[in-house]
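Spelled out, the chains give:
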Amino acid sequence: MNTYPLLDTNSIQELANALSAALQLGVSIRSSDGKCIVRGSRFENFRYNVIGTSPAGESAYEQFISGLYLSQEQTPSIHHCPLVGLSIAVIPIIIDDVPIVSILAEEVRLETEMQDDNIYRELARSLQIDESTYLKGIHSLPILSSAQLHHIVALLALLGERFCRLGRTNRDLKSVVSSLENQESLYRQEKNVLEERAERDAMTGLYNRRKFEEAVSFYSRQNDRTICMISADANFLKLTNDIFGHEAGDMLLQTIAKYMNDLSKSDWLVARCGGDEFRVLLPDTRLETALDYCRRVARNCRRDKTLTLPLSVALGAAEWDSEKETLQDCFSRADVKMYQNKTALKHELRIPNYIMDRLYDRQILIKEVVTDTAKITYEFARYLQFTKDRAKEISLAAQYQDIGMAKLPESFVIRGQSRTEEETTQMHMHVTHGYTMARQFDELYKIADIILCSHESWNGMGYPGNLKGEHIPVEARLIRLTSDYVYRTHPTIRGGYFTPEEAKEKMTEDSGKLYDPNLTLRFLEFLQKRQ
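A brief structural summary.

Criteria and cut-off values
Residues numbered from 1 in each chain as written. Predicted model: local features only at pLDDT ≥ 70, side-chain atom pairs only at ≥ 80, totals over all residues. Heavy atoms only, no water. Helix = DSSP H or I, 4+ residues; strand = E, 2+ residues; numbered from the N terminus. Rg over C-alpha atoms; globule rule 2.2 N^0.38 Å. Buried < 20%, exposed > 50% of the residue type's maximum accessible area, 1.4 Å probe, protein only. Contact = heavy atoms within 4.5 Å. Salt bridge = Lys/Arg side-chain N within 4 Å of Asp/Glu carboxyl O. Phe/Tyr/Trp six-rings, centres within 6.5 Å; stacked < 30°, edge-to-face > 60°. Pairing = 2+ DSSP bridges. Axes fitted to C-alpha atoms, helices over the stretch in contact; angles between N-to-C directions. Core = buried A, V, L, I, M, F, W, Y, C linked by side-chain atoms within 4.5 Å. Parallel < 35°, antiparallel > 145°, perpendicular 65-115°, else oblique. Left-handed = near helix turned anticlockwise from the far one by under 90°. Nonpolar A, V, L, I, M, F, W, Y, C, P; charged D, E, K, R; others polar.

The next point concerns the overall build of the chain. When you go through the chain residue by residue, the secondary structure sums to 20 helices and 10 strands. Taken over the C-alpha trace, the chain has a radius of gyration of 48 Å; the compact-globule value for 531 residues is 24 Å, which it surpasses by more than 25%. In terms of its C-alpha atoms, the chain occupies a principal-axis envelope of roughly 145 × 70 × 35 Å. For the chain, with 531 residues in total, the buried portion stands at 44%.

Attention shifts here to unusual backbone geometry. For the peptide bond that leads from Y463 to P464, omega is 10 degrees, which places it in the cis range. One can find P464 in the loop between helix 17 (448–453) and helix 18 (474–489). Although it is not a glycine, Q385 sits at a positive phi angle of roughly 70 degrees. Phi is positive for N466, close to 55 degrees, though the residue is something other than glycine.

Another point: the environment of T482. Within the element layout of this structure, T482 appears in helix 18. Spatially, the C-alpha atoms of T482 and V216 are 61 Å apart, while their sequence positions differ by 266 residues. Aside from chain neighbours lying at most four places away, what touches T482 is T373, I376, T377, F380 and F523.

What follows is about the environment of K346. With respect to the helices and strands, K346 occurs in helix 11 (residues 327–348). A residue is classified by how much of its surface remains accessible, and K346, at 56% relative accessible area, is exposed. Remark: the alpha-carbon pair of K346 and F236, spanning 110 residues in sequence, is separated by 9.4 Å.

Per the stated rule, a full pass over the model turns up 25 salt bridges. The salt bridge involving K258 is made with D262; its shortest N-O contact spans 2.6 Å. Placement of both K258 and D262 in helix 9 (residues 246–262) is noted, with a separation of four residues, approximately one turn of the helix. What makes K258 exposed here is its relative accessible area of 52%. You can call D262 partly exposed: its relative accessible area is 48%. For the salt bridge of D510 with K506, the shortest nitrogen-to-oxygen distance reads 3.9 Å. Linking D510 with K506, this pair stays in helix 19 (residues 500–510), spanning four residues, or about one helical turn. A relative accessible area of 9% places D510 in the buried class.

Right, let's get into the packing of aromatic side chains. Scanning the model with the defined rule gives 11 aromatic pairs in all. When the centroid spacing of 6.4 Å and the interplanar angle of 20 degrees are considered together, the rings of F380 and Y383 count as stacked. Of this pair, F380 and Y383 both sit in helix 13 (residues 367–383), three residues apart, which is roughly one turn of that helix. A relative accessible area of 0% places F380 in the buried class.

On to helix 12 (residues 351–361), then. When you tally the buried positions in helix 12, you get eight out of 11 residues, the bulk of the element. Of all the positions in helix 12, only I351, P352, Y354, I355, M356, R358, L359 and Y360 are classed as buried. Looking one or two places after helix 12, you find Q363, whose phi comes out positive at around 60 degrees.

As a further point, take the sheet that holds strand 7 (residues 227–234). One key point about sheets: their strands pair by backbone hydrogen bonds, in either a parallel or an antiparallel sense. Read from one edge of the open sheet, four strands run 8-9-7-10, paired in antiparallel fashion. Two strands bound the open sheet, and with one partner strand each, they are strand 8 (269–272) and strand 10 (313–319). Each neighbouring strand pair of the sheet contributes to a mean axis angle of 15 degrees, computed without reference to strand direction. Sitting on the sheet, helix 10 (residues 287–303) is in contact with strand 7, strand 8, strand 9 (277–283) and strand 10, with an inclination near 175 degrees to strand 10. Running over the sheet, helix 11 touches strand 7, strand 9 and strand 10 and is turned about 145 degrees from strand 10.

Turning our attention to the nonpolar core. I355, M356, M437, F441, Y485 and F523 are the most contacted members of the largest nonpolar core, which has 49 residues in total. Look past the residues within four positions of M437 in its chain and what remains in contact with it is I243, F244, I355, I403, G404, A406 and K407. Judged by nonpolar contacts, the second largest core, of 26 residues, contains C228, I256, M260 and F278.

Moving on: the packing of helix 18 against helix 19. The N-to-C vectors of helix 18 and helix 19 enclose an angle of 140 degrees; their axes lie 9 Å apart at closest approach. If you check the angle between helix 18 and helix 19, you find them oblique. Classified by chirality, the crossing of helix 19 by helix 18 is right-handed. Where helix 18 approaches helix 19, its residues L481, Y485, R488 and T489 are matched on the opposing element by P500, A503, K504, K506, M507 and D510. Across the contact of helix 18 with helix 19, the residue classes break down as five nonpolar, one polar and four charged.

In terms of residue burial, strand 4 (residues 86–95) counts as a mostly covered element, since nine of its 10 residues are buried. Strand direction decides the pairing type here: strand 3 (residues 77–81) and strand 4, joined by five bridges, are antiparallel. When the sheet's bridge partners are listed, H80 is paired in strand 4 with S87. Between strand 3 and strand 4, which pair antiparallel in sequence order, lie four residues; one of them, G85, sits at a positive phi of approximately 80 degrees. In this structure, strand 4 lies alongside strand 5 (residues 98–110), joined through eight bridges in antiparallel fashion. By the bridge assignment for strand 5, P92 is matched with S102.

Time to look at the packing of helix 4 (residues 117–126) against helix 5 (residues 131–139). In contact at an axis separation of 9 Å, helix 4 and helix 5 are set at 120 degrees when each is read in the N-to-C sense. With respect to their mutual orientation, helix 4 and helix 5 come out oblique. Here helix 4 and helix 5 pass one another in a crossing that is right-handed. Touching D117, Y120, R121, L123, A124 and R125 of helix 4 are E131, Y134, L135, I138 and H139, all from helix 5. By residue class, the composition of the contact of helix 4 with helix 5 is six nonpolar, one polar and four charged.

Below is the structure:
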């Protein structure tokens, strides 16, 4: 790793070797604290072959070099090293007013500092170097004048400055290149994301219609392969959107998509092609495998109880007969089978009952209370000489009068809790929700108006419409009596309840307030005869 990014150390080493050979002296590069970056050139024969052979000589030389850096000089300088009998030129390289490196011109033998051989012998002995080796080495060095050395220092300073300028340019270019590379990387990432989005359905994460049609076009030319097609359609999406809102509808689609994707093989293409429509292309797959996949998807959806409406998907599969039909024809056959499956599922699934069962499971309603209310409502209606068919309708309205509870947040329907005014208002909305829901189902459509009025009070203090007296449909007035009586006489989750006699007394007190007075008398007569 290059600690000094402005320097190409390999190139600098080559340059140092070339300069050393041309100038006949040692050239090295050191950091601002004296550590060697580019090793002294191979022409430093005296430095390494003579001084370096003695530990005392090597130590004395490095101590002298370290001392030079203590002063932190920022201009070129020349220093005589009496320990080895030579001079050293130090050329600091400054970048942005900070010393980065220094160029050292070593093994410099100046004519003004030449010594008698006896002095050189003393130096050799002090450094524990063989005298003859020392003399031979130092005499082999060229003798420079001060003027020559200053020219060399100027040359090295100029080269250093030029290299640093190139280094800065190189650094800036590297920064630009790095920035461009980062931009290119971000572009590629964005491109991948956009390409992914272009072929994926945003809500479910499955492939979209465009990708599916591309795949069909591709596989249509491979009539030597065994290929199956599956058409799938989410049931009750419109109903879910209408009753519980589009967020619940989105959750329905996402859950079905998850099962379809999780149960598919890696080379299958599962796509949502719009609305509640899903398609699967299964290359190298037989019909038996495709049908097994359909069964597993349907089973997993059926077992999922996380949604208020049943999670259900109709599926149809077909295997491609490439000799007689196109791949699109194969899908059309799968689509026909899907619609046959969808029709069968509609007859099998009774959605109102499913919603009520979920309310029982969540303990929002008590099944025994609902069942008994429906029963006693039918009996009282017959007592009032309603026809059997009309009595059944009124009983059905009593059974489903609170189905709208399914739209409320669970925290609003916890029995026994204190509610804010806003929560109470939203609680009262469950009747309107029940009316809206009833109008969605063929079996409840006729009783939607009764459900809407089932919580009105005779004195006009009920909800949701504050209807008063005979403006309340008689069927709803009847249900108000029967449902309150059953609820009061049934053990509650807290354990308290009225005896039949106590409930009758309470209803007598509320006659003319909550209940139609005439109907209340008739209901009390009915209860007496029923007992």
